Amino acid sequence: MNKIFSTLCLVVGSLLHVPAIAQDASTGDALYKALGEKPGITLLVNDFVNRVVADPRIGEMFKNTKLPSLKEQIGDQFCMLAGGPCKYEGDTMKASHKDLGITKANFNQVIEHLQLAMDGRGTPFREQNKFLALLAPLHRDIITK
Ligand code: HEM
């Protein structure tokens, strides 16, 4: 079992619609295109962040956060991760989440909102899973509790 596969099983396994398949992150910009390029990613992130902050289990954590700026940062990060022509210039995941006391359950709640937001935009499950597989390893820097 390779690293990506085991990480995926650990963090988002229960949320996947089809069996996880280890993905090669360096497959060009196909995923970027499947997410609708920058305009599609902007709409996705807007809905995703709105869902997260409306969730009573985690929304409170964002009470001091400027949401337009957060959305912009996440949009650039997602665009870059998906193979698009963007550069994420925000803080590292470790630095930006270190004082938040985020649990594994919180991480999965956020991932669940992302999946619902992708469902809402009609992103095919295969592409959803590819994208979630790219995000899964970030749990090491985000979960602190
Ligand atoms: C794969 C999962 C996640 C990704 C990709 C992600 C990504 C990001 C990014 C890009 C930023 C902006 C950093 C900056 O502006 O420099 C950020 C900030 C933040 N994230 Fe996350 N995050 C994730 C999970 C979580 C979780 C699980 C929580 C809490 C439930 C969370 C809470 C926050 C908060 C509150 C901020 C704003 C901090 C501030 O205002 O300074 N994040 N995140």
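In this text, all values refer to a predicted model and were calculated from it rather than measured experimentally. (Residues numbered from 1 in each chain as written. Predicted model: local features only at pLDDT ≥ 70, side-chain atom pairs only at ≥ 80, totals over all residues. Heavy atoms only, no water.)

Q: Any chance you could break down the overall build of the protein for me, citing the residues and the numbers?
A: Helix and strand counts for the protein stand at eight helices and zero strands. In the protein, the order of α-helices and β-strands from amino to carboxyl end is α-α-α-α-α-α-α-α. Residue burial in the protein is summarised as follows: out of 145 residues, 39% are buried. Excluding contacts between residues fewer than 6 apart, the proportion of contacts in the protein whose partners are at least 24 apart in sequence is 74%. Summed over its atoms, the accessible surface of the protein is roughly 8100 Å², and 56% of this surface lies on carbon and sulfur atoms. (Helix = DSSP H or I, 4+ residues; strand = E, 2+ residues; numbered from the N terminus. Buried < 20%, exposed > 50% of the residue type's maximum accessible area, 1.4 Å probe, protein only. Contact = heavy atoms within 4.5 Å. Areas by Shrake-Rupley, 256 points an atom, 1.4 Å probe, with all protein chains shown as cover.)

Q: Before we move on, could you go through helix 4 (residues 67–81) and cite the residues and values that matter?
A: When the terminal C-alpha atoms of helix 4 are compared, their 21 Å separation across 15 residues agrees well with the 21 Å that a helix rising 1.5 Å per residue should span. By the burial criterion, the buried members of helix 4 are L70, K71, I74, G75, D76, Q77, F78 and C79. Looking at the buried side of helix 4, the elements it contacts are helix 2 (30–34), helix 3 (37–53), helix 5 (93–97), helix 6 (104–120) and helix 7 (125–135). One or two steps after helix 4, the chain reaches G83, where phi turns positive at roughly 95°. (Expected span 1.5 Å × (residues − 1).)

Q: So what's going on with the site of the ligand? Residues and values would help.
A: Taken together, 21 residues sit near the ligand, with F62, T65, D91, H97 and I102 positioned nearest. At 2.7 Å, a backbone N or O of D91 approaches an oxygen atom of the ligand. Of all the cavities here, the one that holds the ligand is the largest pocket. Counting only elements with at least two residues in the shell around the ligand, the list comes to helix 4, helix 5 and helix 6. (Near = heavy atom within 4 Å. Polar contact = N/O pair within 3.5 Å; in protein donor to acceptor, adjacent residues only side chain to side chain. 1 Å grid on protein atoms, 1.4 Å probe; cavity = no way out; pocket = protein on both sides within 12 Å on 5 of 7 lines; lining within 4 Å. Sits in = over half its atoms within 2 Å of the grid points.)

Q: Give a detailed account of the coordination of the iron atom of the ligand, specifying residues and quantitative values.
A: There is one protein donor for the iron atom of the ligand, namely H97 (NE2), at 2.0 Å. Following the sequence through the fold, H97 ends up in helix 5. (Donors = N, O, S within 2.8 Å, 3.2 Å for Na, K, Ca; no water.)

Q: Go over the pattern of salt bridges, please, and point to the residues and values.
A: One pass over the full model with this rule turns up six salt bridges. Here D99 ties to K98 by a salt bridge, and the two come within 3.3 Å at their closest N and O atoms. Of the two residues examined, D99 and K98, each falls in the exposed class. (Salt bridge = Lys/Arg side-chain N within 4 Å of Asp/Glu carboxyl O.)

Q: Please set out the layout of surface pockets residue by residue, giving values where relevant.
A: Roughly 870 Å³ of internal volume is contained in the largest pocket. In this structure, the largest pocket is lined by 33 residues; those nearest its centre are F62, L70, I74, M93 and H97. Take the lining of the largest pocket: its biggest share by element is six residues, from helix 4. Of the residues that constitute the lining of the largest pocket, the class distribution is 21 nonpolar, eight polar and four charged. (Points joined across faces, edges and corners; volume = space filled by probe spheres on them. Nonpolar A, V, L, I, M, F, W, Y, C, P; charged D, E, K, R; others polar.)

Q: Provide a residue-level description of the nonpolar core, including the pertinent values.
A: Across soluble globular proteins, nonpolar side chains show a tendency to be buried alongside one another. F48, F78, L114 and F131 are the most contacted members of the largest nonpolar core, which totals 30 residues. When contributions to this core are tallied by element, the ones reaching two or more residues are helix 2, helix 3, helix 4, helix 6 and helix 7. Top contributing element to this core by residue count: helix 3, with six residues. Apart from the residues lying within four places of it in its own chain, the contact partners of F48 are I74, F78, V110, H113, L114 and A117. (Core = buried A, V, L, I, M, F, W, Y, C linked by side-chain atoms within 4.5 Å.)

Nothing here speaks to function; it is geometry throughout.
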